[in-house]
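# Working through the structure, step by step
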Amino acid sequence: MTFNRFAPVLCASALVAFSLSSFAQRGAPPAGAAAAPGAARAATEAMKNPLPADKSVEQTITVGGKTVHYTATVGTIEIKDKDEKPAGEVEYISYVMDKAAGAPDRPVTFAFNGGPGASSVYLNLGAIGPKRVNFGNAGESASDPATLVDNQGTWLDFTDLVFIDPIGTGYSRSLVDDDTTKKMFYSTTPDIEYLSMVVWKWLVKNDRLLDKKYLIGESYGGYRGPRITHYLQSTLGVAMNGIVLVSPYLNPEFGDGNLSPVPWMTTLPSISAAHLESEGKLSDAAMQKVIGYTEGDYATALIKGNSDPAARDAMIAHVTEMTGLDPAFVKHEGGRLEIGAYLREVHRTQGLIGSVYDSNVTSPDPFPYSSFSRSGDPILEAIVAPTSTAAADFITRTVGWKTDARYEALSNNVNRNWDHNSDDLRRGAVADLREAVAADPKMRVLIVHGWNDLSCPFMGSVMTVQQMPVMGDPNRVQVHEFPGGHMFYTRPVNQGGLHKMAEEMVRTH
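### Details of the overall build of the chain
Helix and strand counts for the chain stand at 17 helices and 14 strands. Residues counted as buried form 57% of the 509 residues belonging to the chain. Of the roughly 20,400 Å² of accessible surface on the chain, a fraction of 53% belongs to carbon and sulfur atoms.

Following this line, the structure appears as structure tokens:
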């Protein structure tokens with residue numbers, strides 16, 4: 001997910017938000033220089049309390065009436081600096097199906113969440129892993145039992161799975177001082193380079209280089225996805241057969257909202273979808289009408305502005321009808337619905353505030369008389385407890401990978417220290433996506449969104465893909481939407497559809 005608590009890292013706004021040697025040169029002291037006290041202290045502490053050795057346990061699940069046998073492994077991959085000294089430990093969880101005698105090699109899929117500062121627990125225990133825990137939906141409580149159950153939507157029946165926790169998330173940790181950590185691990189391009197090396201090292205460690213390979217990334221992980229794919233492809237020499245981008249942050253530069261209609265075109269359809277769902281009227285057909293209006297009369301009215309009062313007034317009236325909002329509010333906003341103002345307004349009369357990840361998931365507004373929102377996001381506030389508890393219990397008790405370290409499902413520290421001002425971040429990942437697709441005529445891309453998501457609105461991906469040149473098979477890059485929000489996959493009704501699309505992609509290439 002894109003982590004919105006500490007910085008304006010929205011997918012639709014200006015900030016939605018290695019080669020080992022080159023990466024290390026940016027973060028390590030010059031050769032011959034004395035180690036900084038912080039680095040020496042961190043290394044000493046790491047030696048005193050090392051993370052456990054890799055640990056595996058055999059597991060079974062029942063999916064679609066069939067019993068699946070697999071091995072769950074919790075392990076680490078070491079990251080070294082240019083002097084071959086340990087700089088970090090990346091923890092991962094893999095699920096590998098037991099092979100029948102003579103069975104062909106299995107595909108393997110690498111999974112990343114976003115933030116920056118999110119572990120991979122959300123895709124793991126909410127979307128495609130063999131076990132799942134309830135979180136992220138209306139009516140669920142942070143103190144509900146964090147009980148894992150068999151996931152009927154798991155992808156393990158057609159691909160092995162590797163969930164990677166970037167440094168500072170999960171149990172992954174830096175072994176260098178704070179300044180070096182920021183340069184090596186909390187900056188946009190170094191993040192892509194060392195995580196690509198983690199993929200490479202896992203493949204070598206497990207003798208899987210010749211197997212079919214896929215990548216799935218959610219939110220900021222959807223930014224990582226195209227860039228890691230392109231870096232692996234063009235620099236490390238590893239080609240992905242396909243990538244799945246879930247509610248991705250792809251393209252932050254949508255222009256000045258005072259002049260360009262694009263920022264407002266990006267968010268209006270998701271707001272309209274939330275209203276349609278609240279009335280039980282959400283459907284693909286209804287959304288096609290919303291998209292058609294957004295790309296047509298709405299964009300035209302915004303461009304004309306005050307030069308055509310009749311078109312402007314008609315647009316405001318239609319937006320009011322589409323969203324169910326107070327007409328005075330829509331008129332005051334000029335039909336341009338700013339996300340924060342909308343989330344406070346949409347449920348204001350009930351004393352509730354909506355989530356940016358799905359505005360129909362609400363919580364009581366603890367500061368209803370404030371002129372701005374002072375509370376945490378309703379979904380973020382509720383999902384940390386069940387996901388952290390379930391992940392830590394599975395890792396330490398079920399697998400037996402014993403550590404008393406804290407499991408970081410969402411790391412405030414990583415997000416706070418991230419280089420949000422990076423030019424690479426502002427450019428987005430569309431250039432890498434285009435280059436990766438151009439370089440491999442068989443690689444396939446599946447982009448999936450929830451209709452209601454305002455943190456990474458689906459319309460941003462629709463418009464981005466519409467502007468991409470057709471390179472070979474026009475179906476190689478697809479965008480699909482589902483009922484729900486940013487984490488639409490937590491709704492059981494969506495599991496079958498997502499599973500079918502991904503399985504078809506793997507079958508095709």
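### Notes on the packing of aromatic side chains
Aromatic ring pairs: the centre-centre distance and the angle between the two ring planes describe each pair. Under the counting rule described, the total for this entry stands at 18 aromatic pairs. With a centroid separation of 5.5 Å and an interplanar angle of 85°, the aromatic rings of Phe110 and Trp202 are classed as edge-to-face. Placement of the pair is Phe110 in strand S4 (residues 108–112) and Trp202 in helix H5 (residues 188–205), with a sequence separation of 92 residues. As far as the burial class goes, Phe110 and Trp202 line up, both buried. On the basis of an interplanar angle of 80° and a centroid distance of 5.0 Å, the ring pair of Phe185 and Tyr194 is categorised as edge-to-face. There is no split in this pair, since Phe185 and Tyr194 are both buried. Three or more aromatic residues joined by ring pairs form one cluster here, namely Tyr186, Tyr220, Tyr223, Tyr249 and Trp418. Taking NZ or CZ as reference, Arg374 lies 4.1 Å from the ring centre of Phe367, over its face.

### Quick word on the packing of H5 against helix H6 (residues 220–236)
Contact pair H5 / H6: the axes reach a minimum separation of 9 Å and the direction vectors enclose 65°. H5 and H6 meet at a crossing whose hand is right-handed. Of the residues in H6, those touching H5 at Thr188, Thr189, Asp191, Ile192, Glu193, Leu195, Ser196, Met197, Val199 and Trp200 are Tyr220, Tyr223, Arg224, Arg227, Ile228, Tyr231, Leu232 and Leu236. Classifying every residue of the contact of H5 with H6 by side-chain character gives 11 nonpolar, 3 polar and 4 charged.

### So, a nonpolar patch on the surface
Residues Val204, Leu209 and Leu210 make up a contiguous nonpolar surface patch of roughly 300 Å² in combined accessible area. The exposure class assigned to Leu210 is exposed, which follows from its relative accessible area of 83%.

### A closer look at the nonpolar core
Formed by 89 residues in total, the largest nonpolar core has its most connected members in Tyr95, Tyr122, Trp155, Tyr298 and Tyr489. In terms of residues, this core owes the most to one element, helix H8 (residues 284–304), which gives 9 residues.

### Focus: empty space enclosed by the protein
Estimated volume of the second largest cavity: approximately 60 Å³. Lining the second largest cavity are Gly136, Asn137, Tyr357, Asp358, Ile379, Gly484, Gly485, His486, Met487, Phe488, Thr490 and Arg491. Considering only residue class, the lining of the second largest cavity consists of 4 nonpolar, 6 polar and 2 charged.

### What about unusual backbone geometry?
In this structure, Pro116 follows Gly115 across a cis peptide bond, with omega equal to -5°. You will see that Asp207, though not glycine, has its phi angle at about 55°, which is positive. In this structure, Asp207 sits in the loop between H5 and strand S9 (213–218). For Asp207, a relative accessible area of 69% puts it in the exposed group.

### Digging into helix H17 (residues 492–508)
The end-to-end C-alpha separation of H17 is 25 Å, in line with the 24 Å expected for 17 residues at 1.5 Å each. The complete set of buried residues in H17 reads Asn494, Gln495, Leu498, His499, Ala502, Met505 and Val506. Burial along H17 is one-sided: seen end-on, the buried residues are contained in an arc of 135°. Turned more than 90 degrees from where H17 packs its buried face, Val493, Lys500 and Arg507 sit exposed. Among the structural elements, strand S5 (131–132), S9, strand S10 (242–246), strand S13 (444–450) and strand S14 (477–482) are those in contact with the buried residues of H17.

### Quick word on the confidence of the model for the chain
Averaged over every residue, the pLDDT of the chain is 88; the share at 70 or more is 89%. Low pLDDT (under 50) marks residues 3–10, which in the prediction has 40 contacts with non-local residues, meaning those over four places away or in another chain. Contacts for the low-pLDDT stretch residues 12–47, under 50 throughout, to residues beyond four places or in other chains number 72 contacts.

### Observations regarding the side chain of Ser422
Structurally, Ser422 can be placed in the loop between helix H13 (412–417) and helix H14 (423–427). A polar contact of 3.5 Å, which involves the side chain of Ser422, links it to the side chain of Thr188.

### Concerning the environment of Arg336
Following the sequence through the fold, Arg336 ends up in the loop between helix H10 (327–332) and helix H11 (339–345). Under the relative-accessibility criterion, Arg336 is labelled partly exposed at 25%. Sequence separation of Arg336 and Trp264 is 72 residues, and the distance between their C-alpha atoms is 5.8 Å. Residues in contact with Arg336, not counting those within four places in the same chain, are Gly257, Trp264, Tyr298 and Leu302.

Quick notes on the rules
Residues numbered from 1 in each chain as written. Predicted model: local features only at pLDDT ≥ 70, side-chain atom pairs only at ≥ 80, totals over all residues. Heavy atoms only, no water. Helix = DSSP H or I, 4+ residues; strand = E, 2+ residues; numbered from the N terminus. Buried < 20%, exposed > 50% of the residue type's maximum accessible area, 1.4 Å probe, protein only. Areas by Shrake-Rupley, 256 points an atom, 1.4 Å probe, with all protein chains shown as cover. Phe/Tyr/Trp six-rings, centres within 6.5 Å; stacked < 30°, edge-to-face > 60°. Lys NZ or Arg CZ within 6 Å of the ring centre and 35° of its normal. Axes fitted to C-alpha atoms, helices over the stretch in contact; angles between N-to-C directions. Left-handed = near helix turned anticlockwise from the far one by under 90°. Contact = heavy atoms within 4.5 Å. Nonpolar A, V, L, I, M, F, W, Y, C, P; charged D, E, K, R; others polar. Patch = residues over 30% accessible without salt bridge, like charges linked within 9 Å, V, L, I, M, F, W, Y side chains within 5 Å. Salt bridge = Lys/Arg side-chain N within 4 Å of Asp/Glu carboxyl O. Core = buried A, V, L, I, M, F, W, Y, C linked by side-chain atoms within 4.5 Å. 1 Å grid on protein atoms, 1.4 Å probe; cavity = no way out; pocket = protein on both sides within 12 Å on 5 of 7 lines; lining within 4 Å. Points joined across faces, edges and corners; volume = space filled by probe spheres on them. Expected span 1.5 Å × (residues − 1). Arc of directions from axis to C-beta. pLDDT = per-residue confidence, 0-100. Polar contact = N/O pair within 3.5 Å; in protein donor to acceptor, adjacent residues only side chain to side chain.

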